[in-house]
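Residue-level structure breakdown
Spelled out from the first residue to the last, the chains are:
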Amino acid sequence: MHRSASWRLLAGALLLSGAAFACVVTDALTGPEATRVVLRYTGDTVLTVGDVAAFAFTVEVGGAPVANPRLRYVIDDSGVVSRTPAGDSLIARRRGHAHLTAMLSSPILPTAPSLTVPLDVVVASVAVSPAADTLTSLDDTLLLAAPAYDAHGNVVSGATATWMSSDTSVASFVAPGRLVARANGRISVMALVDNDTGTASIVVAQRLDRLRLTPAPLQLTALTAETTVVATALDARGHVLSGVPVSWTSDAPTIASVTADGRVRAIDNGTTRLRAQSGAVQDTLSVLVEQLAQRVVIVPDPVPAIVSLGDQVSLAASATDALGFLVAVPNKTPSWATLDPTIATVDRNGLVTGVGTGTARIIAVMDAARDTVRVAVGDLPASIAIQPSGATLTSLKDTLLLSATVRNSRGNLIQNPGL
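First, a word on scope: everything that follows refers to the structure included in this document. (Residues numbered from 1 in each chain as written. Predicted model: local features only at pLDDT ≥ 70, side-chain atom pairs only at ≥ 80, totals over all residues. Heavy atoms only, no water.)

A separate point is the overall build of the protein. What the protein contains, in helices and strands, is zero helices and 43 strands. Relative to the globule expectation of 22 Å for 419 residues, the C-alpha radius of gyration of the protein, 55 Å, shows a markedly less compact shape. In terms of its C-alpha atoms, the protein occupies a principal-axis envelope of roughly 200 × 50 × 30 Å. With 419 residues in all, the protein has 37% of them scored as buried. Look at the contacts in the protein between residues 6 or more apart in sequence, and 55% of them connect residues 24 or more apart. (Helix = DSSP H or I, 4+ residues; strand = E, 2+ residues; numbered from the N terminus. Rg over C-alpha atoms; globule rule 2.2 N^0.38 Å. Buried < 20%, exposed > 50% of the residue type's maximum accessible area, 1.4 Å probe, protein only. Contact = heavy atoms within 4.5 Å.)

Here is the structure:
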């Protein structure tokens with residue numbers, strides 16, 4: 001990279017304008033007459049590392065060029081810029097800034113006119129590596145490098161780039177050369193070193209990595225009950241992808257059916273798996289169809305009374321789910337219990353036995369549903385035997401002691417029958 005410039009120094013009218021510097025020189029022999037002395041620089045002021053650039057200074061006195069002027073040159077930092085042995089070219093050695101000063105030697109001028117030219121040494125080019133790449137997940141990180149080169153294609157050490165993103169909402173730098181994906185899109189990244197810029201093209205395009213299925217696991221508690229399952233598409237870092245088509249199937253549609261868009265319907269009690277698929281990516285979730293009792297009914301109601309201790313009455317209970325379907329889960333039956341065990345007992349099959357007189361409460365329970373019936377238990381006489389069965393009294397005011405034995409329908413003795 002070169003930047004040409006023409007610098008001049010004007011000795012005469014005490015003028016300072018642009019790149020021209022001036023001073024007044026008085027001729028002691030002819031009187032105070034101004035003599036114009038002009039120094040001009042021709043060459044590059046911006047050099048690239050490793051470059052050799054020709055330069056020249058010219059001198060005019062009173063508007064006439066001076067042939068072979070006697071000039072002395074000084075460079076304030078020869079580590080940045082130096083002159084060739086021939087003295088007509090500049091060698092750019094490393095990045096930095098320097099000043100080249102040319103001083104005119106003249107026996108008639110009390111002060112030697114001079115002209116100072118600023119020089120900048122910069123890299124020749126910058127390349128970004130990789131020049132193109134694709135990030136497939138949000139929050140993915142890409143490490144970029146930006147080597148700088150001199151005029152001969154050699155890497156310039158110590159050249160640190162300033163990084164920029166054309167759209168920080170798509171990807172932004174969190175550290176020098178460390179780019180993080182923020183949203184889907186395409187950007188250009190730029191690495192600036194001195195006056196040169198390297199670029200790269202970066203695409204953020206989320207790629208489907210897995211599906212998240214909800215709710216999982218799924219339970220349906222009534223036949224014909226329906227719900228919707230959702231498949232959320234995720235990239236490798238767990239960020240949601242929008243607009244990803246997903247199809248659904250059921251391993252056992254006789255247990256639970258599912259539409260292509262995820263509407264599930266309970267068909268029968270049992271377990272199956274639903275499969276969601278998008279391209280080569282799939283996942284499954286477990287579905288349990290198990291009716292839960294919403295209502296329990298005991299029959300008969302009212303219950304026939306038990307008239308003798310030890311007599312029994314058989315009860316039955318049925319349950320329905322929330323949608324009114326009879327609960328028919330394998331190995332699932334109502335549980336039975338008595339709240340008054342001194343009056344009646346009940347077994348696991350609903351068989352009630354009277355053990356004491358009174359009213360007993362019998363309950364049937366399934367899941368969170370229950371029903372209660374009342375059973376009246378008595379011990380009614382079925383037969384009475386009087387002893388003695390016959391007797392003769394021979395005198396007035398004779399006394400005969402009789403006893404009675406009362407039995408129920410089962411032939412069991414009734415204690416204290418209250419005769």
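Picking up where we left off.
Moving on, we get to the sheet that holds strand S21 (residues 178-181). Spatially, three strands are ordered S17-S21-S20 in an open sheet, and the strand pairing comes out antiparallel. Of all the strands in the sheet, just strand S17 (141-143) and strand S20 (171-175) have a single pairing partner and so form its edges. The mean angle between the axes of side-by-side strands here comes to 35°, regardless of whether they run parallel or antiparallel. As judged from the three bridges shared by S17 and S21, these two strands associate in the antiparallel manner. Bridging from a neighbouring strand, Leu 142 pairs with Leu 179 of S21. (Pairing = 2+ DSSP bridges. Axes fitted to C-alpha atoms, helices over the stretch in contact; angles between N-to-C directions.)

What follows concerns the packing of aromatic side chains. If you walk through the whole model with that rule in mind, you get six aromatic pairs. An angle of 80° between the planes, with centres 6.1 Å apart, marks the rings of Phe 55 and Phe 57 as edge-to-face. Seen from their ring centres, Trp 163 and Phe 173 are 5.4 Å apart, and the 40° between their planes marks the pair as tilted. Note that Trp 163 is positioned in strand S19 (residues 162-165) and Phe 173 in strand S20, a separation of 10 residues in sequence. Of the aromatic side chains, those joined through ring pairs into one cluster are Tyr 41, Phe 55, Phe 57 and Tyr 73. (Phe/Tyr/Trp six-rings, centres within 6.5 Å; stacked < 30°, edge-to-face > 60°.)

What follows deals with a nonpolar patch on the surface. Judged by side-chain polarity, Ile 384, Ile 386, Leu 393, Leu 400 and Leu 402 come together as a nonpolar surface patch covering roughly 470 Å² of accessible area. Take Leu 402: it is sitting in the loop between strand S42 (383-387) and strand S43 (403-407). (Patch = residues over 30% accessible without salt bridge, like charges linked within 9 Å, V, L, I, M, F, W, Y side chains within 5 Å. Areas by Shrake-Rupley, 256 points an atom, 1.4 Å probe, with all protein chains shown as cover. Salt bridge = Lys/Arg side-chain N within 4 Å of Asp/Glu carboxyl O.)

Before going further, it helps to examine the pairing of S21. Sheet topology note: the S20/S21 ladder contains four bridges and is antiparallel. In the sheet register, Ala 171 faces S21, and the bridge partner there is Ala 181. Adjacent in sequence and paired antiparallel, S20 and S21 are bridged by two residues, among which Gly 177 carries a positive phi angle near 80°.

A word on the environment of Gly 279. Here Gly 279 is to be found in the loop between strand S32 (270-278) and strand S33 (281-289). In sequence terms Gly 279 and Val 52 are 227 residues apart; their C-alpha atoms lie 60 Å from each other.

Here we come to the pairing of strand S12 (residues 89-92). The two faces of S12 match: Ser 89 and Ile 91 on one face and Leu 90 and Ala 92 on the other face are all buried. Pairing analysis gives three bridges linking strand S8 (residues 52-61) to S12, with the strands arranged antiparallel. Bridging across to S12, Ala 53 finds its partner in Leu 90. Sheet analysis places strand S11 (residues 81-83) next to S12, joined by three bridges and oriented antiparallel. Bridge pairing links Val 81 to Ala 92 in S12. Two successive antiparallel strands, S11 and S12, enclose a turn made up of five residues, where Gly 87 displays a positive phi of approximately 80°.

Let us now look at the sheet that holds strand S30 (residues 256-258). The strand order S26-S31-S30 describes an open sheet built from three strands, whose pairing is antiparallel. At either end of the open sheet lies a strand with only one pairing partner, and these are strand S26 (226-228) and S30. The mean inter-strand angle of the sheet, taken between neighbouring strand axes irrespective of direction, is 25°. Here S26 runs beside strand S31 (residues 263-266); their pairing, made up of three bridges, is antiparallel. Residue pairing across strands places Thr 227 opposite Val 264, the latter belonging to S31.

A few words now on the pattern of salt bridges. Side chains bearing opposite charge may pair, as long as their charged atoms lie close to each other. Taken as a whole, this structure holds 12 salt bridges when the rule is applied. A salt bridge links Glu 60 to Arg 40, with the shortest nitrogen-to-oxygen separation between them at 2.7 Å. Highlighted residues: Glu 60 in strand S8 and Arg 40 in strand S6 (residues 37-44), separated in sequence by 20 residues. Residue class for Glu 60 comes out partly exposed when judged on its relative accessible area of 23%. For Arg 40, a relative accessible area of 22% translates into the label partly exposed. For the salt bridge of Arg 94 with Asp 77, the shortest nitrogen-to-oxygen distance reads 3.6 Å. A residue pair is termed long-range when its members are at least 10 positions apart, and Arg 94 in the loop between S12 and strand S13 (96-104) and Asp 77 in the loop between strand S10 (71-75) and S11 qualify at 17 residues. A cluster of three or more residues bridged by salt bridges with shared partners is formed by Glu 226, Arg 263 and Arg 265.

Let us now look at the side chain of Asp 321. Considering the arrangement of structural elements, one finds Asp 321 in the loop between strand S36 (316-320) and strand S37 (335-338). Among buried charged residues, Asp 321 stands out as having no salt bridge; its nearest opposite-charge side chain is Lys 332, 9.7 Å away. Engagement of the side chain of Asp 321 in a polar contact is seen with the backbone nitrogen of Leu 223, the distance being 3.1 Å. One polar contact links Asp 321 to Gln 291, side chain to side chain, over a distance of 2.8 Å. Excluding residues within four positions of it along the chain, Asp 321 makes contact with Thr 221, Ala 222, Leu 223, Gln 291, Leu 292, Gln 294 and Val 327. (Lys, Arg positive; Asp, Glu negative; His and termini not counted. Polar contact = N/O pair within 3.5 Å; in protein donor to acceptor, adjacent residues only side chain to side chain.)

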